[in-house]
Amino acid sequence: MTKTVLVTGVTGFIAGHVVHELLSRGYTVRGTVRSMAKAEKLKALYASLGHNPSNFELVALDLESDEGWAAAMADCIAVQHIASPFPMEEPDDKMALVPAAKGGALRVLNHARNAGVPKVVLTSSTVSITNGVKNTPDYVFTEADWSNTDADDIRAYALSKTLAEKAAWDDVEKHGGPILTVMNPSFVVGPLLDDTISTSGTLIKQFFDGKFPAVPELCFGIVDVRDVAKAHVNAMERDVANGKRYLLSAGTMKMIDIAETLRQAFPERGKKLPKFQSPAWLVRILSVFNKSVKGILPEVGRMYQVDGTRAREELDIDFITRKDALIALGNSLIERKMV
Ligand code: NDP
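Predicted model, so just to flag it, every value in this text is computed and none were measured. (Residues numbered from 1 in each chain as written. Predicted model: local features only at pLDDT ≥ 70, side-chain atom pairs only at ≥ 80, totals over all residues. Heavy atoms only, no water.)

1. Points about the pattern of salt bridges
As a working rule, side chains carrying opposite charge can pair if their charged atoms are close by. Enumeration according to the criterion identifies 15 salt bridges in this entry. Across the pair arginine 30 and glutamate 57 runs a salt bridge whose closest N-O atoms are separated by 3.4 Å. With arginine 30 in strand 2 (residues 28-33) and glutamate 57 in strand 3 (residues 56-60), this pair connects stretches of sequence that are 27 residues apart. Salt bridges sharing common partners tie together Glu21, Arg25 and Glu237. (Salt bridge = Lys/Arg side-chain N within 4 Å of Asp/Glu carboxyl O. Helix = DSSP H or I, 4+ residues; strand = E, 2+ residues; numbered from the N terminus.)

Here it is in structure tokens:
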């Protein structure tokens, strides 16, 4: 009998790759969606990737409602809880994303516990590690660090991810099982399975579309979605990962260096890619008029390093280089005529 894994948010970019990895390793996947509108498209996608259609089923569930979760957990050997709101625009209300992010994580853990599901892998983020703190540019963030949720300038998305992850750890400590493992990926790029690109892919698409002649001095950790998917499944399979968080990143880059890497790889697209780094004073002035610029202000000029050693050593992730990950996304966007 094949082993069934519940994967939340299978309409998403990362979850799509996790499903592909699980099916490739012989698992049966029960995927959760908010609506069945994309059901046929998703089934056709995995069939086109060579997977047996009978190993992939879908259930409609919402992170903010208890309905249906108990039945969906039945007979599962693990849950990959990946769904969480990741909007392109910061909401006005800082707490707007918390009910789905934190409430969803607690709901998943509670139903997994009641159903006797032994393991949950939760997708958090490096924004649960690096945000709302002051650091020197050479500071290397590791799994020992936490974002400061009390910082006045922490952004809504980082707040939702940090509060959700903290609540998940507190929950398993207080109530016992399931075993929890947390993934903390940085900015995820890499190849597309279909036209699903997430907020990270959308930013790179906007680079190609010529939306930004100049970019602020922002620091990004970069990781390929194939490594993120492999890490999720290896963490599920390995006892060494029990009770631990894993920072997933091939290293950091400035936004302007991302653009330069893409320009060298795709010189025919060079004219539209960002060419300049905006000085901090200009970003500060623009932030008076533009809400999304205001949101990134605390991060402007803040450089840092990240350390993916634990994932390298314990999950066998030989990180795809930042350059190759960016080029893979660029190639997908071009091949699919999305830019
Ligand atoms: P996507 O936007 O592609 O996927 C998000 C998924 O979450 C979608 O399936 C979406 O469903 C689902 N979702 C959102 N809100 C709800 C809700 N209220 N109830 C049920 N489902 C919901 O993003 P990614 O694939 O990039 O992100 C997946 C996870 O990875 C998220 O937890 C994100 O925070 C995390 N992450 C992403 C990074 C990145 O750079 N991409 C970096 C680090 C972490 P629907 O299709 O219905 O909207």
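2. Quick word on the environment of asparagine 114
Along the polypeptide, asparagine 114 turns up in helix 4 (residues 98-115). Classification of asparagine 114 as exposed rests on a relative accessible area of 59%. C-alpha of asparagine 114 to C-alpha of valine 10: the two residues are 104 residues apart in sequence and 23 Å apart in space. (Buried < 20%, exposed > 50% of the residue type's maximum accessible area, 1.4 Å probe, protein only.)

3. A look at the packing of helix 4 against helix 6 (residues 156-175)
In contact at an axis separation of 8 Å, helix 4 and helix 6 are set at 25 degrees when each is read in the N-to-C sense. Between helix 4 and helix 6, the angle is such that the two are roughly parallel. When the axes of helix 4 and helix 6 are compared, the crossing they make is right-handed. Only Ser160, Leu163, Ala164, Ala167, Ala168, Asp171, Val172 and His175 of helix 6 make contact with helix 4, whose side of the interface consists of Val98, Ala101, Lys102, Ala105, Leu106, Leu109 and Arg113. (Axes fitted to C-alpha atoms, helices over the stretch in contact; angles between N-to-C directions. Parallel < 35°, antiparallel > 145°, perpendicular 65-115°, else oblique. Left-handed = near helix turned anticlockwise from the far one by under 90°. Contact = heavy atoms within 4.5 Å.)

4. Thoughts on the packing of helix 9 (residues 255-265) against helix 13 (residues 322-335)
Direction vectors running N to C along helix 9 and helix 13 enclose 65 degrees, while the axes themselves pass 10 Å from each other. Viewed along their axes, helix 9 and helix 13 form a crossing whose handedness is right-handed. Contacts between helix 9 and helix 13 pair Ile258, Thr261, Leu262 and Ala265 from the former with Lys323, Leu326 and Ile327 from the latter.

5. Brief notes about the pairing of strand 5 (residues 119-123)
Regular strands place side chains that alternate from one sheet face to the opposite one. Buried residues dominate strand 5, accounting for 5 of its 5 residues. A crossover links strand 4 (residues 76-81) with its parallel partner strand 5, the connecting element being helix 4, and its sense is right-handed. Relative to strand 7 (residues 179-185), strand 5 is paired through 5 bridges, and the arrangement is parallel. Note that in strand 7 the partner of valine 121 across the bridge is threonine 181. (Right-handed = clockwise from strand over helix to strand, strands pointing away. Pairing = 2+ DSSP bridges.)

6. Some details on the sheet that holds strand 1 (residues 4-8)
One open sheet accounts for 7 strands, arranged 3-2-1-4-5-7-11; its pairing is parallel. Pairing within the sheet leaves two strands with one partner each, and these edge strands are strand 3 and strand 11 (245-248). On average, each strand axis in the sheet is inclined to that of its neighbour by 20 degrees, with strand direction left out of account. Bridging between strand 4 and strand 5 involves 3 bridges; their strand directions are parallel. Each residue of the ladder has a partner; that of glutamine 80, found in strand 5, is valine 121. Strands strand 2 and strand 3 of the sheet are contacted by helix 2 (residues 39-48), whose axis makes an angle of about 160 degrees with strand 3.

7. Section: helix 6
Compared with an ideal rise of 1.5 Å per residue, which puts 20 residues at 28 Å, helix 6 spans 28 Å between its outermost C-alpha atoms and is within 8% of the ideal. In terms of residue burial, helix 6 counts as a mostly covered element, since 14 of its 20 residues are buried. Positioned one or two residues after helix 6, glycine 176 has a phi angle of 80 degrees, which is positive. (Expected span 1.5 Å × (residues − 1).)

8. Regarding the pairing of strand 2
Buried residues dominate strand 2, accounting for 6 of its 6 residues. Side chains of strand 2 alternate between two faces, with Thr28, Arg30 and Thr32 and Val29, Gly31 and Val33 buried alike. As paired elements, strand 1 and strand 2 share 5 bridges and run parallel to each other. Looking at the pairing, threonine 8 lines up with threonine 32 of strand 2. Following the backbone out of strand 1, through helix 1 (residues 13-24) and into the adjacent parallel strand 2, one traces a crossover that is right-handed. In the sheet, strand 2 pairs with strand 3 via 5 bridges, with the strands oriented parallel. If you follow arginine 30 over to strand 3, its bridge partner there is glutamate 57. Remark: the strand 2/helix 2/strand 3 crossover connection has right-handed handedness.

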